[in-house]
Amino acid sequence: MTTSTRGADKVPAVLVLEDGRIFRGRAYGAVGETFGEAVFSTGMTGYQETLTDPSYHRQVVVMTAPHVGNTGVNDEDAESKRIWVSGYVVRDPARVPSNWRSRRTLDEELAAQGVVGISGVDTRALTRHLRERGAMRVGIFSGNALSDEGTMLAEVRQAPEMQGADLSAEVATKEAYVVPAQGEKKFTVAAVDLGIKGMTPYRMAERGIEVHVLPATATVDDVYAVNPDGVFFSNGPGDPATADHPVSVMRGVLERGTPLFGICFGNQILGRALGFGTFKLKYGHRGINQPVQDRTTGKVEVTAHNHGFAVDAPLDKVSDTPFGRAEVSHVCLNDNVVEGLQLLDKPAFSVQYHPEAAAGPHDAAYLFDRFVKLMEGQRA
């Protein structure tokens, strides 16, 4: 990626999809070139959390909301220490942010972190194209990176695909760290970081949990070295079919019967650990307004998502697994994609969405309480 930033809003930019579709606009953020998987996010708010979510590593995010950047960027809402998206696409960027917590414009933040973007694009047409054709590789080119269409298309087609990508270790912490419990400490949780968002250990800390965040390379011995009451597997980027090490670690946890909770990538890891397959969705679920039904209660939740892969598990029956009976606990009401799993004979469950959801609804916050109840039950 090559980048510069001066006068970016006046620089022509081109977005090139791997199937040859081209959209023209103006540079937004850094000037240069970038590549990734083109995906769209349906959230009208929470763009700062989206940008800093490690699960978006190597993805170019298209915002379906037409007006983006109106609340600027603050110093409190980031989910990690940097922006992880490889590119950003908006239709109508805000000229002046209006929020009392804003410290700088979104355009300035993208430029400062070297994120190449494009504005002035018909994002509705682009989203419809991705819905019809599926997520695909894309390149954004501006400034000196602009060249003839054939050359740019060839560069896009040389970029790596998301299917088969093993990315969690690239975004996870390299060193273990501890998020202390708020108030009285009630439990200790070992959290395997596959791309964890900052709000996740915070939500556990609110419930009296001391969270030991471990690298993606952590072993079963590393997990149990902190003497955990429960084990958590986080969200993260990439293809779950490549995640053999986390699957092995999770199987070790399941064998010991320690209460286990996984979200997003962690849900796919649980699916694989139980013997189910995973597959790539046509265009995935991304945004903060996805309807999911908790089949254990019948309740419908509005949830925050970011996943392009899903678990291939039967919706209509209880399955026998090496760790006892398992069932699909949550399902997406838009397309019947598996959104949660639970074991019936061991204290383990997972969901395919974000219950911490700092940028959106809080319908799913109860899942942290469910994890606490599992640990209370095990202790009793």
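- For the protein, the name recorded in an unreviewed UniProt entry is Carbamoyl phosphate synthase small chain, with Streptomyces griseorubens as its organism.
- In the Sequence similarities (unreviewed entry) part of its UniProt record, the protein is described as follows: "Belongs to the CarA family."

Points about the nonpolar core
1) Next: In this structure, Val223, Phe233, Met250, Leu254 and Leu274 are the most contacted members of the largest nonpolar core, which totals 34 residues.
2) Next: When residues of this core are traced back to their parent elements, those giving at least two are β12 (187–192), α7 (220–225), β14 (230–233), α8 (244–256), α9 (265–273), β19 (324–332) and β20 (338–343).
3) Next: Each residue touching Leu274, except ones within four places of it in the same chain, is listed here: Leu254, Thr321, Pro322, Phe323, Ala326 and Leu343.

A closer look at the environment of His354
1) Next: Inspection of the secondary structure assignment puts His354 in the loop between β21 (348–351) and α10 (366–379).
2) Next: Given a relative accessible area of 3%, His354 falls into the buried group.
3) Next: When the C-alpha positions of His354 and Gly164 are compared, they lie 23 Å apart, and in sequence the two are 190 residues distant.
4) Next: In this view, His354 contacts Asp53, Lys197, Asn235, Ile263, Cys264, Ala304, His305 and Asn306; residues no more than four positions away in its chain are not counted.
5) Next: Within polar-contact distance, the side chain of His354 engages the side chain of Glu356 at 2.8 Å.

What about the pairing of strand β13 (residues 209–214)?
1) Next: Of all six residues that make up β13, six are buried, and the element is covered over most of its length.
2) Next: Of the two faces of β13, the one holding Ile209, Val211 and Val213 and the one holding Glu210, His212 and Leu214 are both buried throughout.
3) Next: Across three bridges, strand β11 (residues 177–179) lies against β13 in antiparallel orientation. When the bridges of β13 are listed, Val179 appears paired with Val211.
4) Next: As paired strands, β12 and β13 are joined by six bridges and run parallel to one another. By the bridge assignment, Thr188 is partnered in β13 with Glu210.
5) Next: Tracing the backbone out of β12, into helix α6 (residues 199–205) and back to the parallel element β13 gives a crossover that is right-handed.

Each value, and the rule that gives it
Residues numbered from 1 in each chain as written. Predicted model: local features only at pLDDT ≥ 70, side-chain atom pairs only at ≥ 80, totals over all residues. Heavy atoms only, no water. UniProt positions renumbered as here; feature names shortened; annotations may be inferred. Core = buried A, V, L, I, M, F, W, Y, C linked by side-chain atoms within 4.5 Å. Buried < 20%, exposed > 50% of the residue type's maximum accessible area, 1.4 Å probe, protein only. Helix = DSSP H or I, 4+ residues; strand = E, 2+ residues; numbered from the N terminus. Contact = heavy atoms within 4.5 Å. Polar contact = N/O pair within 3.5 Å; in protein donor to acceptor, adjacent residues only side chain to side chain. Pairing = 2+ DSSP bridges. Right-handed = clockwise from strand over helix to strand, strands pointing away.

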